[in-house]
Amino acid sequence: MNKKEVFKLAKGFRGRAKNCIRIARERVEKALQYSYRDRRNKKRDMRSLWIQRINAGTRQHGLNYGNFMHGLMKENIQLNRKVLSEISMHEPYSFKALVDISHNAFPGNKAASAPKKEGLAILV
């Protein structure tokens, strides 16, 4: 990179990092490394946020995230996590319908029946 490009990218930096070419070049190079890394981290963070939102929505209806997603997969409902998180926030009735579909699709999601009382527990 020539001097002009480096100073253009170093605009807004503090101290000598904006007007001393050697320091500006180092700071710009490091800033570009950070931006490259964080473009990937941003995708990771957004996916994590979507999963947290879906999990919060499903737990309100008595189901956890893993069983919800497994039930959707069994029913061949192909909505991605971004769309599911938006539905859970802005369309609660639609999300409830999805939770019900998922709940009925997977035998592990069936509500547990009350345990039978045996022995002395019957008398109490």
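Residues numbered from 1 in each chain as written. Predicted model: local features only at pLDDT ≥ 70, side-chain atom pairs only at ≥ 80, totals over all residues. Heavy atoms only, no water.

The name that an unreviewed UniProt entry assigns to the protein is 50S ribosomal protein L20, with the source organism given as Salvia divinorum. Turning to the protein, the UniProt record has this under Subcellular location (unreviewed entry): "Plastid". (UniProt positions renumbered as here; feature names shortened; annotations may be inferred.)

Student: Tell me about the side chain of Ser 85, and please be specific about residues and values.
Tutor: Looking at the secondary structure, you find Ser 85 in helix α4 (residues 81–90). On the basis of relative accessibility, which here comes to 0%, the residue Ser 85 falls in the buried class. Beyond its immediate chain neighbours, meaning those up to four positions away, Ser 85 contacts Trp 50, Arg 53 and Ile 54. (Helix = DSSP H or I, 4+ residues; strand = E, 2+ residues; numbered from the N terminus. Buried < 20%, exposed > 50% of the residue type's maximum accessible area, 1.4 Å probe, protein only. Contact = heavy atoms within 4.5 Å.)

Student: Quick rundown of unusual backbone geometry? Include the residues and the values.
Tutor: Most peptide bonds are trans, and most residues other than glycine sit at a negative phi. Its identity is not glycine, yet Asn 76 carries a phi of approximately 60°, on the positive side. Residue position: Asn 76 is located in the loop between α3 (65–74) and α4. The class for Asn 76 is exposed, based on a relative accessible area of 56%.

Student: Talk me through helix α5 (residues 92–105); I want residue IDs and the actual numbers.
Tutor: Along its 14 residues, α5 runs 20 Å from first to last C-alpha, staying within 8% of the 20 Å computed at 1.5 Å per residue. Among all positions of α5, only Phe 95, Leu 98, Val 99, Ser 102 and Ala 105 are buried. Buried residues of α5, seen end-on, are gathered within an arc of 125° and therefore sit on one face of the element. Along α5, exposed side chains directed more than 90 degrees from the buried face belong to Tyr 93 and Asn 104. Buried residues in α5 make contact with α2 (21–60), α3 and α4. (Expected span 1.5 Å × (residues − 1). Arc of directions from axis to C-beta.)

Student: Explain the environment of Asn 67 residue by residue, including any values.
Tutor: Its location among the elements puts Asn 67 in helix α3. Measuring from C-alpha to C-alpha, the distance between Asn 67 and Phe 106 comes to 7.9 Å, with 39 residues separating the pair along the chain.

Student: Describe the packing of α4 against α5, and please don't skip the residues or the numbers.
Tutor: At a minimum axis distance of 6 Å, the contact between α4 and α5 shows a crossing angle of 120°. As summarised for this structure, α4 and α5 are arranged oblique, according to the angle between their axes. In this structure, the crossing between α4 and α5 has a hand that is left-handed. The residues of α5 that touch α4, namely those facing Leu 84, Ile 87, Ser 88 and His 90, are Pro 92, Ser 94, Phe 95 and Leu 98. Grouping the amino acids of the contact of α4 with α5 by side-chain chemistry returns five nonpolar, three polar and no charged. (Axes fitted to C-alpha atoms, helices over the stretch in contact; angles between N-to-C directions. Parallel < 35°, antiparallel > 145°, perpendicular 65-115°, else oblique. Left-handed = near helix turned anticlockwise from the far one by under 90°. Nonpolar A, V, L, I, M, F, W, Y, C, P; charged D, E, K, R; others polar.)

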